[in-house]
Amino acid sequence: MSLVHQSVGSIAKQIPGATAVFHKYDLDFCCGGKHSLAQAAQAKQVDPAAVEAELMRLPAVAAQADAESAAVAACDAGHSDVLIEHILQRYHEVHRQQLPELIRLAHRVEQVHGDRADCPVGLAAHLEAMFQALQSHMLKEERILFPLLLAQRNAQARMPIAVMRHEHDQHGDELQKLLDLTDHITPPRSACTTWRALYAGLREFKEDLMQHIHLENNVLFLHTEQTAAAV
């Protein structure tokens with residue numbers, strides 16, 4: 001079956017390295033994970049055949065599975081606890097470290113360069129709002145949803161999952177606003193070292209958050225929903 005007719009979420013899950021290709025073309029594989037490659041490419045005015053060609057050049061199986069691939073495989077095999085622990089350590093804790101420093105750098109850039117037309121004025125406030133929303137979201141997962149999943153109370157987890165999916169969509173909207181404020185996280189040529197460090201951190205945060213949402217929407221939540229439906 002051609003990859004162009006498969007969902008970008010399933011491709012990201014099945015093909016190691018696919019997410020790097022999707023980032024290259026700015027294709028949404030997390031909140032928009034249910035869209036086909038053709039639909040995702042059309043939304044960004046990208047040739048789906050070109051994306052498919054790059055995906056086909058990636059190795060079908062990683063030479064050595066990393067911790068994330070192993071966690072995904074464990075979830076698919078019925079051990080969602082492994083993936084939950086990976087999400088907590090790799091994404092929840094990392095986001096809590098990333099955002100305070102990004103907020104500090106954004107305030108600094110706005111204070112020093114706020115009179116420039118290309119300065120991302122409002123970025124610090126936007127990051128603060130994102131951090132507050134993300135903190136609330138992660139706490140809901142840690143205190144409500146994940147304990148339900150670990151107790152294998154999958155039917156009871158359906159409503160919390162629906163809420164988390166909705167909040168993921170909101171995170172996606174906030175990421176788009178971040179891109180709009182920063183010219184798609186592209187620093188101007190004359191940007192100072194602090195400005196460039198800020199944008200490097202923003203790019204890392206964006207990619208981490210998208211991968212975080214992908215693992216939950218397209219792997220953990222999907223596995224839970226399918227398991228609950230089979231009972």
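Residues numbered from 1 in each chain as written. Predicted model: local features only at pLDDT ≥ 70, side-chain atom pairs only at ≥ 80, totals over all residues. Heavy atoms only, no water.

### Overview of the overall build of the protein
Link 1 in the chain: Across its full length, the protein holds nine helices and zero strands.
Link 2 in the chain: In the protein, the succession of helices and strands from N to C terminus is α-α-α-α-α-α-α-α-α.
Link 3 in the chain: Relative to the 2.2 N^0.38 estimate, which gives 17 Å for 231 residues, the radius of gyration of the protein is 19 Å and therefore close to what a compact globule would have.
Link 4 in the chain: Structurally, the protein occupies a C-alpha span of about 60 × 45 × 30 Å along its principal axes.
Link 5 in the chain: When burial is assessed residue by residue, the protein has 47% of its 231 residues classed as buried.
Link 6 in the chain: A separation of at least 24 residues holds for 74% of the contacts in the protein among residues at least 6 apart in sequence.
Link 7 in the chain: Computed over 20 positive and 29 negative side-chain charges, the separation of the two mean positions in the protein equals 1 Å. (Helix = DSSP H or I, 4+ residues; strand = E, 2+ residues; numbered from the N terminus. Rg over C-alpha atoms; globule rule 2.2 N^0.38 Å. Buried < 20%, exposed > 50% of the residue type's maximum accessible area, 1.4 Å probe, protein only. Contact = heavy atoms within 4.5 Å. Lys, Arg positive; Asp, Glu negative; His and termini not counted. Charge placed at Lys NZ, Arg CZ, Asp CG, Glu CD.)

### What about a negative patch on the surface?
Link 1 in the chain: A contiguous patch of negative charge, built from Asp-28, Asp-169, Asp-173 and Glu-174, is present on the exposed surface.
Link 2 in the chain: Structurally, the position occupied by Asp-169 is in helix H8 (residues 158–181). (Patch = residues over 30% accessible without salt bridge, like charges linked within 9 Å, V, L, I, M, F, W, Y side chains within 5 Å. Areas by Shrake-Rupley, 256 points an atom, 1.4 Å probe, with all protein chains shown as cover. Salt bridge = Lys/Arg side-chain N within 4 Å of Asp/Glu carboxyl O.)

### What about the environment of Leu-181?
Link 1 in the chain: Structurally, Leu-181 can be placed in helix H8.
Link 2 in the chain: Look at Leu-181 and you get partly exposed, because its relative accessible area is 26%.
Link 3 in the chain: Those residues within four positions of Leu-181 in sequence are excluded, and the remaining contacts are Pro-120, Val-121, Gly-122, Leu-123 and His-126.

### Digging into unusual backbone geometry
Link 1 in the chain: A positive phi angle, close to 60°, is found at Gln-152, a residue other than glycine.
Link 2 in the chain: Among the secondary structure elements, Gln-152 is positioned in the loop between helix H7 (123–150) and H8.
Link 3 in the chain: You can call Gln-152 exposed: its relative accessible area is 65%.
Link 4 in the chain: You will see that Ile-185, though not glycine, has its phi angle at about 55°, which is positive.
Link 5 in the chain: By the element assignment, Ile-185 lies in the loop between H8 and helix H9 (193–230).

### Here we look at the side chain of Thr-19
Link 1 in the chain: Mapped onto the elements of the fold, Thr-19 is located in helix H2 (residues 18–24).
Link 2 in the chain: If sequence neighbours within four positions are ignored, Thr-19 has contacts with Ala-12, Phe-29 and Gln-211.

### What about helix H4 (residues 48–56)?
Link 1 in the chain: Those residues of H4 lying buried are Val-51, Glu-52, Glu-54 and Leu-55. Each buried residue of H4 sits inside an arc of 160° when the element is viewed along its axis, so together they form one side.
Link 2 in the chain: Buried residues belonging to H4 abut helix H1 (8–14), H2 and helix H3 (37–43).
Link 3 in the chain: Two or three places before Ala-49, at the opening of H4, Asp-47 has a side-chain oxygen 3.0 Å from that residue's backbone nitrogen. (Arc of directions from axis to C-beta. Polar contact = N/O pair within 3.5 Å; in protein donor to acceptor, adjacent residues only side chain to side chain.)

### Concerning the packing of aromatic side chains
Link 1 in the chain: Overall, the coordinates contain two aromatic pairs when judged by the stated rule.
Link 2 in the chain: The interplanar angle of 75° and the centroid separation of 6.4 Å between the aromatic rings of Trp-195 and Tyr-199 together place this pair among those described as edge-to-face. You can see Trp-195 and its partner Tyr-199 sitting in helix H9, four residues apart, about one turn around the helix. Of the two residues examined, Trp-195 and Tyr-199, each falls in the buried class. (Phe/Tyr/Trp six-rings, centres within 6.5 Å; stacked < 30°, edge-to-face > 60°.)

### Regarding the confidence of the model for the protein
For residues with low pLDDT, the predicted coordinates do not support detailed interpretation.
Link 1 in the chain: Chain-level pLDDT for the protein is 92 on average; 96% of the residues reach the 70-or-more range.
Link 2 in the chain: Ignoring residues within four places in sequence, the model shows residues 60–65, a span with pLDDT below 50, making three contacts including any to other chains. (pLDDT = per-residue confidence, 0-100.)

### Description of the nonpolar core
Link 1 in the chain: The biggest cluster of nonpolar side chains holds 46 residues, and the ones touching the most others in it are Phe-22, Leu-37, Val-51, Leu-55, Leu-127, Leu-198 and Leu-202.
Link 2 in the chain: Secondary-structure elements contributing two or more residues to this core are H1, H2, H3, H4, helix H6 (80–113), H7, H8 and H9.
Link 3 in the chain: A total of eight residues in this core trace back to one element, the largest contributor, which is H9.
Link 4 in the chain: If we skip the residues at most four places from it in the chain, Leu-37 touches Leu-3, Val-4, Gln-6, Val-8, Ile-11, Phe-22, Leu-27, Pro-48, Val-51, Glu-52 and Leu-55. (Core = buried A, V, L, I, M, F, W, Y, C linked by side-chain atoms within 4.5 Å.)

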